[in-house]
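Coordinate inspection notes
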2 protein chains.
Amino acid sequence: MTDFNDKQIEILQTAEKLFAEHGYDGTSVRDIAKSANINIAMISYYFGSKEKLLEALIIYRISSMRLQMENLYREDLTPLEKIDRLIELYIKRINANKGMYQIIHFEISSGKRIINCDAFNEMKKHNLDILKSIILEGQEKGVFRKDVNTILIPTTIMGTYFHFQMNKPFFKEILNLNSQEDIDNYVTSELTLHIKQTIKALLTYDK
Amino acid sequence: MTDFNDKQIEILQTAEKLFAEHGYDGTSVRDIAKSANINIAMISYYFGSKEKLLEALIIYRISSMRLQMENLYREDLTPLEKIDRLIELYIKRINANKGMYQIIHFEISSGKRIINCDAFNEMKKHNLDILKSIILEGQEKGVFRKDVNTILIPTTIMGTYFHFQMNKPFFKEILNLNSQEDIDNYVTSELTLHIKQTIKALLTYDK
DNA sequence: AAACAATTTAAACAAACGTTTAATTTAAAC
DNA sequence: GTTTAAATTAAACGTTTGTTTAAATTGTTT
């Protein structure tokens, strides 16, 4: 089911790029074909339809998006250090799958297109469980406060990241970030720091 | 420039709803015409084109989106209380303009469509200035820490809110929120609390 | 080399798209 | 009541959309 040949993968990657840039509806199969240097009919030939191409793309990407968090859970780190590492992993993964997230978020939030987000939800649940266990560990050790809404912590981490990316033009202006490289640097330094600082403050703050 | 008659406003509101639900490209002028019970030609007649309709919509909405933050700045509250009020104002306004934000975010982040987001950026700058003065006041009073990235605080507030809304299906499932009413209640209680708690922790936490 | 299936192509398909036209109805002014 | 402008309509415009066809090419097997 998830075995695609080189040609199919090339189409999937091209589609991913264009869907992320211009949206699903904003991208025509001719755009994809031209960008991938293939004939239009090849999309129907390999995937059946444009909609099935989107489904295939989501399956193709999500299956390889699982976080390598299991080892983190077992590592010999303090709860605070684990939170730091967790945030780094989150950002690293989103950065590596920026396009896919852009697509999924729009298609899910629009709610119109019926896409199989079960795999996506399962992944989120799994990540949430790992976070829960880390926080519980911190709470038992008396380092973390107990009245935090654990479920909303990944939301704050990812929300901050995405909202920054969404308002790139604004931040480019007020932070004098002229190139994409400047932005990437700001993300991996300042933004990551801000998120770490925020979550750690939330977890350890005592009123 | 910003004076629309009743018919135009009806079209604008219908377009706002559909654009927010299905995206700009996902909505046809025929969809809008049918939903607003008008003839297709009326859109060209009143606005010139579909793209100009979008521009008119953004002008129409953004001009009435200014926050009533000026009074907040002058009110006799502690910096912490002002932060609380600020967050409430943020969420209240986003809730009232949910559709517009959905549209703007997608169109801006896609970057393809050239829309006049100057007014939008000006508004954000203005809100940022008010936040800066509140934080400065808190810092001078010794209540707030001084090594926070003020610029990214609205990003965390709004990002958390939007990322929650984007993942509604996921939260519906794990939080047993069955109706839209349940979700709205969760937003105004739990989610708002979480955001307040997070920002206050970030501002007052001392390492 | 012949036969076969898999791949790739150009061309055509009907449907939907945004927009325009020209005719008609409604409203206002005189 | 006639005239003039604004509002509204159905129909058509030329493109672009996703998809299919049938022929041509390539690769593999015998």
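Throughout this document, residue positions are counted from 1 along each chain, in the order its sequence is written. Key to labels: chains lettered from A, ligands numbered from 1, both in the order written. Where totals are concerned, whole chains, interfaces and linings use all residues; where local detail is concerned, this predicted model gives features only for residues with pLDDT of at least 70, and gives and counts side-chain atom pairs only at 80 or more.

**Description of the protein's contact with DNA strand D**
What counts here: Near, for a residue, is defined by distance from a backbone-placed C-beta atom to a molecule or strand, with 6 Å as the limit that must not be exceeded. A run of DSSP states H or I qualifies as a helix once it reaches four residues; a run of E qualifies as a strand once it reaches two. Both are numbered from the N-terminal end. When residues are grouped by polarity, Ala, Val, Leu, Ile, Met, Phe, Trp, Tyr, Cys and Pro land in nonpolar, Asp, Glu, Lys and Arg in charged, and all others, Gly among them, in polar.
What surrounds DNA strand D is a group of 16 residues, the closest being Ser 28, Ala 41, Ser 49 and Lys 50 of chain A together with Asn 39 of chain B. When residues of the surface near DNA strand D are assigned to their parent elements, the largest contribution, three residues, is made by helix H3 (residues 41-47) of chain B. Here the residues of the surface near DNA strand D sort into eight nonpolar, four polar and four charged.

**So, unusual backbone geometry**
Rule in force here: Buried residues are those with 20 or more other C-beta atoms within 10 Å of their own C-beta, exposed residues have 12 or fewer, and partly exposed residues lie in between; C-beta atoms are placed from the backbone.
Phi is positive for Asn 37 of chain A, which is not a glycine, with a value near 55°. Mapped onto the elements of the fold, Asn 37 of chain A is located in the loop between helix H2 (29-35) and helix H3 (41-47). Using a count of 8 C-beta atoms within 10 Å as the deciding quantity, one classes Asn 37 of chain A as exposed. Backbone geometry at Asn 176 of chain B places phi at a positive 55°, although glycine is not the residue there. Relative to the assigned elements, Asn 176 of chain B resides in the loop between helix H10 (168-175) and helix H11 (180-204).

**Describing the protein's contact with DNA strand C**
Neighbouring DNA strand C are 16 residues, the closest being Asn 39 of chain A together with Ser 28, Ser 44, Ser 49 and Lys 50 of chain B. At the level of secondary structure, the elements contributing two or more residues to the surface near DNA strand C comprise H3 of chain A together with helix H2 (29-35), H3 and helix H4 (50-62) of chain B. Element by element, the count of residues in the surface near DNA strand C is highest for H3 of chain A, at three residues. Looking at the surface near DNA strand C residue by residue, the class counts come to eight nonpolar, four polar and four charged.

**Some thoughts on the interface of chain A and chain B**
Formally: Placing C-beta atoms from the backbone, we regard two residues as in contact once those atoms come within 7 Å.
Contact with chain A, which involves 40 residues of that partner, is made by 40 residues of chain B. Mapped by element, the contributors of at least two residues to the side of chain A that touches chain B are helix H1 (6-22), helix H7 (98-110), helix H8 (118-140), helix H9 (153-166), helix H10 (168-175) and helix H11 (180-204) of chain A. Considering each element in turn, the side of chain A that touches chain B owes the most residues, ten residues, to H9 of chain A. When its residues are assigned to classes, the side of chain A that touches chain B shows 15 nonpolar, 18 polar and seven charged.

**So, the relation of the copies chain A and chain B**
Test applied: Copy-to-copy alignment: least squares on C-alpha atoms, limited to residues at pLDDT 70 or above in both.
If you rotate chain A by 180° and push it 0.0 Å along the axis, it lands on chain B with an RMSD of 0.1 Å. With respect to symmetry, the two chain copies, as superposed, fit the operation of a two-fold axis. It is Gly 159 of chain A whose C-alpha, among those of chain A, lies nearest the rotation axis, at 2.0 Å. Mapped onto chain B, 100% of the interface residues of chain A again fall at the interface, so both copies present the same surface.

**Section: H9 of chain A**
Put simply, the rule reads: Take the residue count of a helix, subtract one, and multiply by 1.5 Å to get its expected span.
Its 14 residues give H9 of chain A an end-to-end C-alpha distance of 20 Å, which sits within 8% of 20 Å, the value for a rise of 1.5 Å per residue. Burial within H9 of chain A is extensive, with 13 of its 14 residues counted as buried.

**Structural notes on the packing of helix H6 (residues 79-96) of chain A against H9 of chain A**
Residue and element names in this part refer to chain A. Note the following rule: An axis is simply a line fitted to the C-alpha atoms; with a helix, the fit covers only the stretch in contact. Between two such axes, the angle follows the N-to-C directions and lies from 0 to 180 degrees. To sort the angles, those under 35 degrees are grouped as roughly parallel, those over 145 as roughly antiparallel, those from 65 to 115 as roughly perpendicular, and the leftovers as oblique. Handedness of a crossing follows from how the near helix is turned relative to the far one, being left-handed for an anticlockwise turn of less than a right angle and right-handed for a clockwise one.
Axis separation between H6 and H9 bottoms out at 11 Å; the angle between their running directions is 40°. One way to sum up the angle between H6 and H9 is to call them oblique. The way H6 lies across H9 gives a crossing that is right-handed. From H6, Ile 87, Tyr 90, Ile 91 and Ile 94 reach across to H9, where they touch Ile 157, Met 158 and Tyr 161. A per-class count over the contact of H6 with H9 returns seven nonpolar, no polar and no charged.

**A few points about the packing of helix H9 (residues 153-166) of chain B against H11 of chain B**
Residue and element names in this part refer to chain B. Between H9 and H11, the least distance of the axes is 11 Å, while the angle of their chain directions is 155°. It follows that H9 is roughly antiparallel to H11 by the angle criterion. Relative to H11, the crossing made by H9 is right-handed. Residues Ile 153, Thr 156, Ile 157, Thr 160, Tyr 161 and Phe 164 of H9 lie in contact with H11, whose contacting residues are Leu 191, Ile 195, Thr 198 and Ile 199. Across the contact of H9 with H11, the residue classes tally to seven nonpolar, three polar and no charged.

**A word on the nonpolar core**
What counts, and what does not: In plain words, the nonpolar core is the set of buried Ala, Val, Leu, Ile, Met, Phe, Trp, Tyr and Cys residues that C-beta atoms within 7 Å link up.
In this structure, Ile 87, Ile 157 and Ile 199 of chain A together with Ile 87, Ile 157 and Ile 199 of chain B are the most contacted members of the largest nonpolar core, which totals 50 residues. Of all the secondary structure elements, the ones that give two or more residues to this core are H6, H8, H9 and H11 of chain A together with helix H6 (79-96), helix H8 (118-140), H9 and H11 of chain B. Every residue in contact with Ile 157 of chain A, bar those within four places of it in the chain, is listed here: Ile 87, Tyr 90, Ile 195 and Ile 199 of chain A. Counting residues in hydrophobic clusters, the runner-up holds 44 residues, among them Leu 53 and Met 100 of chain A together with Tyr 24 and Ile 58 of chain B.

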